[in-house]
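Next come the chains, spelled out residue by residue.
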Amino acid sequence: MGIALWSGLWFGLAIPVILLMYLFKRKYIDTTVSSHLLWNHVLRNIEANRPWQKLQNRLLLWLQLLAAALLVFALMAPYLWVQSGSKHTIVIVDASASMSMLLDERAEQGADRVGETGAGNDMPGREAGSLGTQPGNETVGQEAGQSGTISLSGKDAGPTGTISRMEQLKGELSEFTATLSRKSELTLLKLGSKPEVLLSRENDRGKWKQAISALAVDYGTSAYRETLSLAAAMTKGDPEAQVVIFTDGRWMERSDDILFDVAVRIMTVGEAKSGNAAIEQFGVRSKEATGAVDGVATIRNDGSDALETELNLYGDDRLLASRQVVIRAGQTVTESFAELPAAEVYRLALSPGDSYLLDNEAYAFQEQHAAPNLLLISRGNLFLEKALQLAGANVIRMTPADEDGEGVAAEPRLPAPTPDIIVTDGVMPEYMQQGAWADLLSRTPLWSIGGAGDKLQLSSGELKIEDHPLTRYFSLMDSPTGFLQQAPVPEWAKTIMKIDGLPAIYAGSEAGTARLGFLFALEDSDLPLRPEFPILVHNAVEWLQSGRATGLGRAMVEAKVAIPVNADAEQGSWTAVSGYALLIKVADIPAEAQNGSLSAEQTAPAIPGLWRFVQRDVSGNELVSYYLQTTASPLESLTQAVWPLQPAAAAQGGEQIEQSGNEEAADGTGNSTAVQDRESGQTARAGEGHGDFSSRYSLAFLIALLAFIVIFAEWGVYQRGRSI
């Protein structure tokens, strides 16, 4: 039982008022007299009566006190918790990358052993030059996409058993569904890179168990708002439904403006971690003169305390460098490694790592070829030319040929040596669209800036940038230009940047050759004056020459990756060779095909780690291979929630739904969570370990009815003359 309005106690002052009335009430006794002369005697007795009378045990007094007490109690709005089973339960499962975090803090030694590779070892079943685990250092994991108990063993620590947050969530969700009523229907909604309905109003408990057992972490950018909006839409007009959210509480998008018509319960899984150490960036660059390699890395500490850790740099699984670093709380440090020996794959690992394994290591790949030869066709742009040189390209600038008297430009000879990349700044000359020049363009990566066409003046300058290798480490807060060329985006291209909803930058692959287009002229833009411009140019050069190096760089899981396809390649596959993907023993993933041949644009594997994309001919012989590191969404490595999870009750005009996590429960048990009741707006709760909600049943009406019955009885007593 509970009390909703303690302010009703003020009406309890009526009880002492009733008592005072009886204390000061004069009492008269019916007396029969034989003469009027005796009235004087009676009058003297009345005048001698005391005003303060002793309370006597009278039925009327007790009935009046009982009626007053019942009315006061009714005004305090008492209620009872009663079990109210929901016929339809919608469960939202947070499957974001942070759910892969291990719950045992001793998992730190895994960082050094998870990514251990075996390049240079003669391992049966592996091709020369491939990477794999060293003999005797195998790790135990599970099949792709499943989380579970992981056993990590390292040189500096003994084995330790850990489970992930996802595994704990599956256990708690199984217990929760076991307590639902027999007639309950379950809708299971997975929160991943997109909302996924795993079960829809299913009442077969066998299918419940199968769906829960198959739950796996999604390592991409999670669709938080889309999933909540879908759940809110699914419960519209369904007053007997309830929504339960299983999450670790790390919410990266706003939720307080999404309105629910039904009760919402939030179940927090796992304990919040105080911090996380992450390798944000790692890259290497070779020196042409000496052949030595330099490396640079940035490491972030999200914790509240200073972090002392060891950075171990490996080249083809050989330890090349090791150093101790101290990172202050909330700070990022940059570490450089000079004069490294040549290696095919470099790996940087934190030792000890932390329970979030996905950012404890990073990979880098050395270029096999010299700096690319870049042909710049421009009338002169000092900023662009310098940025291209800083990107490591050997720039050869060619001024477009002047037109003769008939308006025709003389065709120059083809450049020597043959360029690896061509950049056109301005309108492309006509001679480049025919003959030998057109043939050169068809097989050479091209970056076109500006061009022909009418210019459109922009209004608001609203900017939207898509994820792409071109925009890696690159961010803009406002529009870099006030004009755009009115030109269509080719069908094979993807729009990378939009301004006012219009395409400004596009990229893609035309017949297997990289193409990049800027639909604005640099002279109409302040982009060359911004500090982000050299980063953008570096990314552009790196993307245009992708495939010339041993590796394809970094990409987020399930991102589109442009891969040079060998003309004789008939089949291909992704193989996990190191990192988290190898730890959980992900099987090989077949390459995507288009029109019977390998597609030049492949989808990166969905599990973070180091992958090798192998192309083979019709006989199965390996032709060429490329390394790619896939990473989880960087937002999920943040230890603090950017937004609190606070869905709102539509019945209360958008008022936030009250909630509590594992640390504090509504009833003190540590397992119940407060929610909003749709009908009355009163708070409801869920019983300990039970899947159905306990709601308030008001006793005010029953108590008020009982009070009126007492008042009616008191009137009957008074009428029978027993009031004196």
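Residues numbered from 1 in each chain as written. Predicted model: local features only at pLDDT ≥ 70, side-chain atom pairs only at ≥ 80, totals over all residues. Heavy atoms only, no water.

1. As for the environment of Gly 303
Logical step 1: Note that Gly 303 resides in the loop between β12 (293-301) and β13 (307-315).
Logical step 2: The exposure class of Gly 303 is buried, given its relative accessible area of 12%.
Logical step 3: When the C-alpha positions of Gly 303 and Leu 638 are compared, they lie 9.7 Å apart, and in sequence the two are 335 residues distant. (Helix = DSSP H or I, 4+ residues; strand = E, 2+ residues; numbered from the N terminus. Buried < 20%, exposed > 50% of the residue type's maximum accessible area, 1.4 Å probe, protein only.)

2. Here's the deal with helix α7 (residues 224-234)
Logical step 1: Within α7, the full set of buried residues consists of Tyr 224, Thr 227, Leu 228, Ala 231 and Ala 232. One side of α7 holds all its buried residues, which, seen down the axis, span an arc of 135°.
Logical step 2: Contacts from the buried residues of α7 go to β3 (88-94), β6 (185-191), β7 (195-202), β8 (241-247) and β9 (259-260). (Arc of directions from axis to C-beta. Contact = heavy atoms within 4.5 Å.)

3. With respect to the pattern of salt bridges
Pairing between side chains of opposite charge can happen when their charged atoms approach one another.
Logical step 1: Applying the stated criterion across every chain, the model contains 19 salt bridges.
Logical step 2: Of the charged contacts in the structure, one is a salt bridge between Glu 335 and Arg 323, with a shortest N-O distance of 3.0 Å. Remark: Arg 323 occurs in strand β14 (residues 318-327) and Glu 335 occurs in strand β15 (residues 332-340); sequence separation between them is 12 residues.
Logical step 3: Residue class for Glu 335 comes out buried when judged on its relative accessible area of 18%. (Salt bridge = Lys/Arg side-chain N within 4 Å of Asp/Glu carboxyl O.)

4. Here we look at the pairing of strand β19 (residues 394-398)
Logical step 1: Summarising the sheet, strand β18 (residues 373-377) and β19 pair through 5 bridges and their orientation is parallel. If you follow Leu 376 over to β19, its bridge partner there is Arg 397. (Pairing = 2+ DSSP bridges.)

5. Observations concerning the sheet that holds strand β23 (residues 463-465)
Logical step 1: In space, the 8 strands of this open sheet follow the order β19-β18-β20-β21-β27-β26-β25-β23, with mixed pairing throughout. Looking along the sheet, the strands with just one partner apiece sit at the ends: β19 and β23. Neighbour to neighbour, the strand axes of the sheet diverge by 15° on average, direction disregarded. (Axes fitted to C-alpha atoms, helices over the stretch in contact; angles between N-to-C directions.)

6. Looking at the packing of helix α8 (residues 382-390) against helix α10 (residues 533-544)
Logical step 1: Between α8 and α10, whose axes approach to 9 Å, the crossing angle comes to 60°. The orientation of α8 relative to α10 falls into the category oblique. Two packed elements cross with a definite hand, and for α8 against α10 that hand is right-handed. Taken together, the residues of α10 that come into contact with α8 (itself represented by Phe 383, Leu 384, Ala 387 and Leu 388) are Phe 533, Pro 534, Val 537 and Val 541. (Parallel < 35°, antiparallel > 145°, perpendicular 65-115°, else oblique. Left-handed = near helix turned anticlockwise from the far one by under 90°.)

7. Some points on the side chain of Ser 378
Logical step 1: The residue Ser 378 is located in the loop between β18 and α8 in this model.
Logical step 2: Here Ser 378 falls in the buried class, since its relative accessible area comes to 1%.
Logical step 3: Reaching out from Ser 378, the side chain makes a polar contact with the side chain of Asp 425 at a distance of 3.1 Å.
Logical step 4: Ignoring any residue separated from it by four or fewer positions in sequence, one finds Ser 378 in contact with Arg 397, Met 398, Thr 399, Pro 400 and Asp 425. (Polar contact = N/O pair within 3.5 Å; in protein donor to acceptor, adjacent residues only side chain to side chain.)

8. Things to note about the packing of aromatic side chains
Logical step 1: Under the definition given, this model contains 9 aromatic pairs.
Logical step 2: With a centroid separation of 5.8 Å and an interplanar angle of 65°, the aromatic rings of Tyr 431 and Trp 437 are classed as edge-to-face.
Logical step 3: Measuring from centroid to centroid gives 5.3 Å for Trp 447 and Phe 518, while their planes differ by 65°, and the two rings are edge-to-face. One end of the pair, Trp 447, is in strand β21 (residues 446-449); the other, Phe 518, is in strand β27 (residues 513-518), and 71 residues separate them in sequence. Across the pair, exposure class does not vary: Trp 447 and Phe 518 are buried alike.
Logical step 4: Among the aromatic side chains, those forming a connected cluster through ring pairs are Trp 447, Phe 518 and Phe 520. (Phe/Tyr/Trp six-rings, centres within 6.5 Å; stacked < 30°, edge-to-face > 60°.)

9. A short note on unusual backbone geometry
Only a minority of non-glycine residues have a phi that is not negative, and only a minority of peptide bonds are not trans.
Logical step 1: For the bond running from Ser 351 to Pro 352, omega is 0°, close enough to zero to count as cis.
Logical step 2: A positive phi angle, near 65°, is found at Glu 558, a position not held by glycine.
Logical step 3: In this structure Glu 558 comes out as partly exposed when scored by relative accessible area, which is 42%.
Logical step 4: Phi angles above zero are rare outside glycine, and Asn 595 is one such case at about 55°.

10. Some thoughts on the sheet that holds β15
Logical step 1: Sheet architecture is open: 3 strands sit in the order β11-β12-β15, paired in antiparallel fashion. Both outer strands of the open sheet, β11 (277-286) and β15, are each paired with one neighbouring strand and no more. The mean inter-strand angle of the sheet, taken between neighbouring strand axes irrespective of direction, is 15°.
Logical step 2: Looking at chain direction, β11 and β12 are connected through 9 bridges and run antiparallel. In the strand pairing of β12, Gln 281 is matched with Thr 298.

11. Some thoughts on the confidence of the model for the chain
Logical step 1: Mean pLDDT over the chain stands at 77; residues scoring 70 or higher make up 75%.
Logical step 2: Within the chain, strand β31 (residues 589-590) carries the highest mean pLDDT (95), whereas strand β4 (residues 150-152) carries the lowest (32).
Logical step 3: Counted against residues more than four places away or in other chains, residues 105-161, with its pLDDT under 50, gives 137 contacts.
Logical step 4: Note that pLDDT drops below 50 for residues 651-690; the model gives that stretch 99 contacts with residues more than four away or on any other chain. (pLDDT = per-residue confidence, 0-100.)

12. Quick look at the nonpolar core
One broad trend across soluble globular proteins is that nonpolar side chains are buried collectively.
Logical step 1: Among the nonpolar cores identified, the biggest contains 50 residues, and Val 91, Leu 169, Leu 173, Tyr 219 and Phe 246 are the most heavily contacted of them.
Logical step 2: Among the elements that line this core, the one with the most residues is helix α5 (residues 165-178), at 4 residues.
Logical step 3: Setting aside anything within four residues of it in sequence, one finds Tyr 219 in contact with Ala 97, Ser 100, Leu 358, Val 557, Tyr 580, Ala 606, Ile 607, Pro 608, Ala 632 and Ser 633. (Core = buried A, V, L, I, M, F, W, Y, C linked by side-chain atoms within 4.5 Å.)

13. Some points on a nonpolar patch on the surface
Logical step 1: Together, Met 1, Leu 80, Tyr 697, Phe 701, Leu 702, Leu 705, Leu 706 and Ile 709 line one region of the surface with nonpolar side chains, adding up to about 840 Å² of accessible area.
Logical step 2: At 5 residues, helix α12 (residues 700-719) tops the list of elements feeding residues into the nonpolar patch.
Logical step 3: With respect to the helices and strands, Leu 706 occurs in helix α12.
Logical step 4: Residue class for Leu 706 comes out partly exposed when judged on its relative accessible area of 44%. (Patch = residues over 30% accessible without salt bridge, like charges linked within 9 Å, V, L, I, M, F, W, Y side chains within 5 Å. Areas by Shrake-Rupley, 256 points an atom, 1.4 Å probe, with all protein chains shown as cover.)

14. What to know about the environment of Asn 566
Logical step 1: With respect to the helices and strands, Asn 566 occurs in the loop between β29 (560-562) and β30 (571-578).
Logical step 2: Along the primary structure Asn 566 and Ala 600 are separated by 34 residues, whereas in three dimensions their C-alpha atoms are 9.5 Å apart.
Logical step 3: Leave out the neighbours within four places in its chain, and Asn 566 touches Gln 615, Leu 623 and Val 624.

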